[in-house]
Amino acid sequence: MTVTRITHPVITHKINLLRDITTNSKDFREIVTEVTFLLTYEATRDLRLSKTMIPGWHGGDLEVDMVADEDPSIVPIFRAGIGMQEGFLSVFPTAKVSYVGYYRDEETLDPKLYYAKLAERAQERTNYVLDPMLATGGTTSAVCSLLKKAGVRKIKVLCILAAPEGIRRIETDHPDVEIIPAMIDSHLNENGYIMPGLGDAGDRLFGTK
């Protein structure tokens with residue numbers, strides 16, 4: 001498994017704005033979009049290019065490099081992952097969108113699937129799982145399993161914050177999946193929250209409790 005952490009002072013600054021509990025939902029959503037925009041550039045660095053001819057401004061044809069891969073599919077995990085969707089699409093507007101939703105069983109604490117709608121020909125595309133907080137890793141692991149059962153071969157996980165516990169879970173369950181976190185925090189607390197973290201990303205994105 002590969003963990004590709006993005007180190008950049010602008011990302012560090014923006015994440016610390018997210019940590020600030022006085023940052024309101026509007027600003028929180030905008031910053032999440034901005035950080036995802038930056039993550040997307042790193043996540044798509046390995047796209048293949050191929051030669052093609054285009055008409056140039058001077059009237060002649062130019063041989064140029066253009067992206068050759070299939071349009072990717074993004075998989076925002078309900079509900080907080082939706083906050084990352086716009087940032088990815090602003091870089092790659094032709095990306096297809098798959099939606100997957102899980103809830104956590106109150107007794108077993110295991111993720112339970114309640115909704116899944118995958119993009120057409122998802123198995124032929126690179127799938128980018130969008131989850132702002134990779135905490136225990138249980139839901140993200142379940143999403144990766146669902147995608148693999150559908151025939152998807154290449155999966156990357158984009159997250160704003162990751163805990164070592166979540167990274168280890170994905171490493172164990174899906175060693176072939178690349179994780180691209182903007183920042184890796186210290187640990188999970190007794191309630192499963194990332195520390196120092198930023199609280200519940202879904203609540204802060206959408207102004208809920």
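These numbers were taken from a predicted model, which means no experiment stands behind them.

Participant: Hey, could you run me through the pattern of salt bridges in this one?
Facilitator: Any two side chains of opposite charge can pair, so long as their charged atoms come close to each other. Counted under the stated rule, the structure contains 17 salt bridges. Of the charged contacts in the structure, one is a salt bridge between Asp-46 and Lys-156, with a shortest N-O distance of 3.0 Å. One end of the pair, Asp-46, is in the loop between α2 (25–43) and β1 (49–55); the other, Lys-156, is in strand β9 (residues 154–162), and 110 residues separate them in sequence. Judged by its relative accessible area of 39%, Asp-46 falls in the partly exposed class. Note on Lys-156: relative accessible area 4%, which makes it buried.

Participant: What is the right way to read α2 from this model?
Facilitator: For the α-helix, the turn length of 3.6 residues means that residues three or four positions removed from each other point alike. For α2, which comprises 19 residues, the first-to-last C-alpha distance of 26 Å matches the rise-based estimate of 27 Å (1.5 Å per residue) to within 8%. Of all the positions in α2, only Phe-28, Ile-31, Val-32, Thr-33, Val-35, Thr-36, Leu-39, Thr-40 and Ala-43 are classed as buried. Its buried side turned inward, α2 meets α1 (9–19), α3 (82–91), β7 (126–130), β9, β10 (178–184) and α6 (201–206).

Participant: Sorry, what's going on with a nonpolar patch on the surface here?
Facilitator: Together, Tyr-103, Tyr-114 and Tyr-115 make up a nonpolar patch on the protein surface, roughly 340 Å² of accessible area in all. One can find Tyr-114 in strand β6 (residues 111–117).

Participant: What's the story with the pairing of strand β3 (residues 73–76) in this structure? I'm lost.
Facilitator: Two faces belong to every sheet, and in a regular strand the side chains alternate between them. Of the two faces of β3, both are covered, the one formed by Ser-73 and Val-75 as well as the one formed by Ile-74 and Pro-76. Summarising the sheet, β3 and strand β4 (residues 96–97) pair through two bridges and their orientation is parallel. The partner of Ser-73 across the bridge, within β4, is Lys-96. Considered for its hand, the β-α-β crossover made up of β3, α3 and β4 is right-handed. Sheet analysis places β3 next to β7, joined by four bridges and oriented parallel. Along β7, the bridge assignment pairs Val-75 with Val-129.

What counts and what doesn't
- Throughout, residues of each chain are indexed from 1 in the direction in which the sequence is written.
- In view of the model being predicted, local features appear only for residues whose pLDDT reaches at least 70, and side-chain atom pairs are presented and counted only at 80 or more, with totals across whole chains, interfaces and linings using the full set of residues.
- Only hydrogens and water are set aside; all other atoms, that is, all heavy atoms of the structure, feed into the side-chain values.
- Within this document, salt bridges are pairs made up of a side-chain nitrogen of Lys or Arg and a carboxyl oxygen of Asp or Glu, the two lying within 4 Å of each other.
- Comment: elements are numbered from the N terminus, with helices defined as DSSP H or I runs of at least four residues and strands as E runs of at least two.
- Here's how the labels work: a residue is buried when its accessible area is under 20% of the maximum for its type, exposed when over 50%, partly exposed in between, all with a 1.4 Å probe on protein chains only.
- Here the expected span of a helix is defined as 1.5 Å times the quantity of residues minus one.
- Contact criterion: two residues are considered in contact whenever any of their non-hydrogen atoms come within 4.5 Å of each other.
- What goes into a patch is any residue over 30% in relative accessible area without a salt bridge, connected to like charges within 9 Å or, for nonpolar side chains (Val, Leu, Ile, Met, Phe, Trp, Tyr), within 5 Å.
- Here the Shrake-Rupley method, with its probe set to 1.4 Å, supplies the accessible areas, and only the displayed protein chains count as covering residues.
- Paired strands, in this sense, are two strands between which DSSP finds at least two bridges.
- Handedness is read with the strands pointing away from the viewer; a crossover is right-handed when the path from the first strand over the helix to the second is clockwise.

None of the figures reported here should be taken as evidence of function without further support.
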